[in-house]
Amino acid sequence: MYAWIWRSLPGRPATKALVAVGLVLVLTAVLWYVVFPWAEPKLQFDHGTVEGGTSSPAKP
């Protein structure tokens, strides 16, 4: 798949490398600013719960 992408990019190897880096940056920005904010409320990684009995506070 990467070979197909590399062959599909226009220009010499230096141009292909710059275009590939640009595509990676665009993809990263789309993920960071569009996909992750959309998915974050659905995934809720930081809302952990602990199941179990009650505990008494520690006595000094």
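Summary of the structure given here. Here the structure is a predicted model, which is why all the values come from computation and not from measurement.

What follows covers the overall build of the protein chain. For the protein chain, the count of helices and strands is 2 helices and 0 strands. Evaluated residue by residue, the protein chain yields a buried proportion of 5% over its 60 residues. Approximately 6,000 Å² of the protein chain is accessible, and the part contributed by carbon and sulfur atoms is 70%.

The subject of this paragraph is the side chain of Lys16. If you trace the backbone, Lys16 turns up in helix α2 (residues 13–43). Here Lys16 occupies a buried position and makes no salt bridge, while the nearest side chain of opposite charge, Glu40, is found at 40 Å. Beyond its immediate chain neighbours, meaning those up to four positions away, Lys16 contacts Trp6, Arg7, Leu9, Pro10 and Gly11.

What counts and how
- Residues numbered from 1 in each chain as written.
- Predicted model: local features only at pLDDT ≥ 70, side-chain atom pairs only at ≥ 80, totals over all residues.
- Heavy atoms only, no water.
- Helix = DSSP H or I, 4+ residues; strand = E, 2+ residues; numbered from the N terminus.
- Buried < 20%, exposed > 50% of the residue type's maximum accessible area, 1.4 Å probe, protein only.
- Areas by Shrake-Rupley, 256 points an atom, 1.4 Å probe, with all protein chains shown as cover.
- Lys, Arg positive; Asp, Glu negative; His and termini not counted.
- Salt bridge = Lys/Arg side-chain N within 4 Å of Asp/Glu carboxyl O.
- Contact = heavy atoms within 4.5 Å.

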